[in-house]
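Next come the chains, spelled out residue by residue.
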Amino acid sequence: MARRETMEDDAMNPRTCIVTREEAEADALIRFVAAPDGTVTPDLKRKLPGRGVWVGARKALVETAIKRGLFARGLKSEAKASETLADEVEKLLEASALSALGLAKKAGLVITGFAKVDGNVRQGNVFLLMHGTDAAADGIRKLGQAVHSADEAKRPVVRSVFTSDQMDLALGGQNVIHAGALHGGASRALLKLIDRLEYFRS
């Protein structure tokens, strides 16, 4: 009986991107499988059964794999990749990051409100500072000053990947333009997923 691949295997063994033919660790790639109906399906958690293929975790590489028909070749089947597959992967990555933002909020690690965020940044309490992609330049500038006023070792990581509407929904708030994630495991997990989303879009 064939041995089923596990996430532990993925973490330890490098995989090969079907586009670049370069080896990389599993976290730098996205796994795809063929669904029962033959549709190419992203397997972000690397848990779906069956033969899988790997693509570097960048949108352009997924689009190239679609155009060149590499999924069917790699899966050794007549698997069909939707022309919108790269957009679907982006939405899944985005949803995963927004879910992590909500979990960090439930863990009591997310603060909102300009004054509260500003004060906690200056005190070095914020691990991750998030600006809405539609945030005004003046607010970003002022919080930038807060970042630089904090001790260098306590300055937060700054990211801007979600719209204010998306942060509103994830945090159950209203008009969330800036948010801070305090130090903690849920905040580190959130940053990892945000960075994965940014890397995919880059």
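Residues numbered from 1 in each chain as written. Predicted model: local features only at pLDDT ≥ 70, side-chain atom pairs only at ≥ 80, totals over all residues. Heavy atoms only, no water.

A. Summary view of the confidence of the model for the protein chain. Residues with a pLDDT of 70 or more make up 93% of the protein chain, whose mean pLDDT is 92. Taken as a whole, residues 1-12 scores under 50 in pLDDT and shows 18 contacts with residues more than four places along the chain or in a different chain. (pLDDT = per-residue confidence, 0-100. Contact = heavy atoms within 4.5 Å.)

B. Summary view of the environment of Val161. As for its placement among the helices and strands, Val161 is situated in the loop between strand E8 (157-159) and helix H7 (164-171). Those residues in contact with Val161, other than ones at most four positions away along the chain, are His131, Thr133, Gln166, Ile194, Glu198 and Arg201. (Helix = DSSP H or I, 4+ residues; strand = E, 2+ residues; numbered from the N terminus.)

C. Expanded view of H7. All of the buried residues in H7 are Ser164, Gln166, Met167, Asp168 and Leu171. In this fold, the buried residues of H7 make contact with helix H4 (85-106), strand E6 (110-112), strand E7 (126-131) and strand E9 (178-182). (Buried < 20%, exposed > 50% of the residue type's maximum accessible area, 1.4 Å probe, protein only.)

D. Quick look at the pattern of salt bridges. Scanning the model with the defined rule gives 12 salt bridges in all. Residue Asp87 is joined to Lys59 by a salt bridge in which the shortest nitrogen-to-oxygen separation is 2.8 Å. Of this pair, Asp87 sits in helix H4 while Lys59 sits in helix H2 (residues 59-67), and the two are 28 residues apart along the sequence. Lys59 sits in the buried class, given a relative accessible area of 18%. Among the ionic pairs, Arg122 bridges to Asp118, the shortest N-O distance being 2.8 Å. Taken together, the residues span about one helical turn, with Arg122 and Asp118 both in helix H5 (residues 114-122) at a distance of four residues. (Salt bridge = Lys/Arg side-chain N within 4 Å of Asp/Glu carboxyl O.)

E. Representation of the sheet that holds E8 within the structure. Taken together, four strands build an open sheet; the order of strands is E6-E9-E7-E8 and the sheet is mixed. Of all the strands in the sheet, just E6 and E8 have a single pairing partner and so form its edges. Ignoring which end each strand starts from, the neighbouring axes of this sheet average 20° apart. Sheet analysis places E7 next to E9, joined by five bridges and oriented antiparallel. Counted as the bridge partner of Leu128 is Ala181 from E9. Against the sheet, H5 touches E6, E7 and E9, its axis set at about 125° to E6. (Pairing = 2+ DSSP bridges. Axes fitted to C-alpha atoms, helices over the stretch in contact; angles between N-to-C directions.)

F. Representation of the side chain of Ser187 within the structure. Along the polypeptide, Ser187 turns up in helix H8 (residues 185-201). When sequence neighbours within four positions are dropped, the list of residues in contact with Ser187 reads Leu109, Phe127, Ala181 and Leu182.

G. The packing of aromatic side chains, seen in detail. Within this structure, the stated rule accounts for one aromatic pair. Judged by centre distance (4.9 Å) and plane angle (65°), the rings of Phe32 and Phe71 are edge-to-face. Taken as a pair, Phe32 in strand E3 (residues 29-34) and Phe71 in helix H3 (residues 70-75) lie far apart in primary sequence, 39 residues in all. Overall, the relative accessible area of 0% leaves Phe32 in the buried class. Residue placement shows Arg58 over the ring face of Tyr199; its charged tip is 4.0 Å from the ring centre. (Phe/Tyr/Trp six-rings, centres within 6.5 Å; stacked < 30°, edge-to-face > 60°. Lys NZ or Arg CZ within 6 Å of the ring centre and 35° of its normal.)

H. Representation of the side chain of His178 within the structure. Mapped onto the secondary structure, His178 falls in strand E9. Apart from residues lying up to four places away in sequence, His178 is in contact with Ile111, Thr112, Gly113, Phe114, Val117, Met130, His131, Ala135, Gly139, Ile140, Leu143 and Met167.

I. A look at the sheet that holds strand E4 (residues 40-43). Sheet architecture is open: three strands sit in the order E4-E3-E5, paired in antiparallel fashion. A strand with exactly one partner marks an edge of an open sheet, and here the two such strands are E4 and strand E5 (52-56). Strand-to-strand twist of the sheet, defined as the mean angle between neighbouring strand axes without regard to direction, takes the value 35°. Relative to E4, E3 is paired through four bridges, and the arrangement is antiparallel. Of the residues in E4, the one forming a bridge with Ala34 is Val40.

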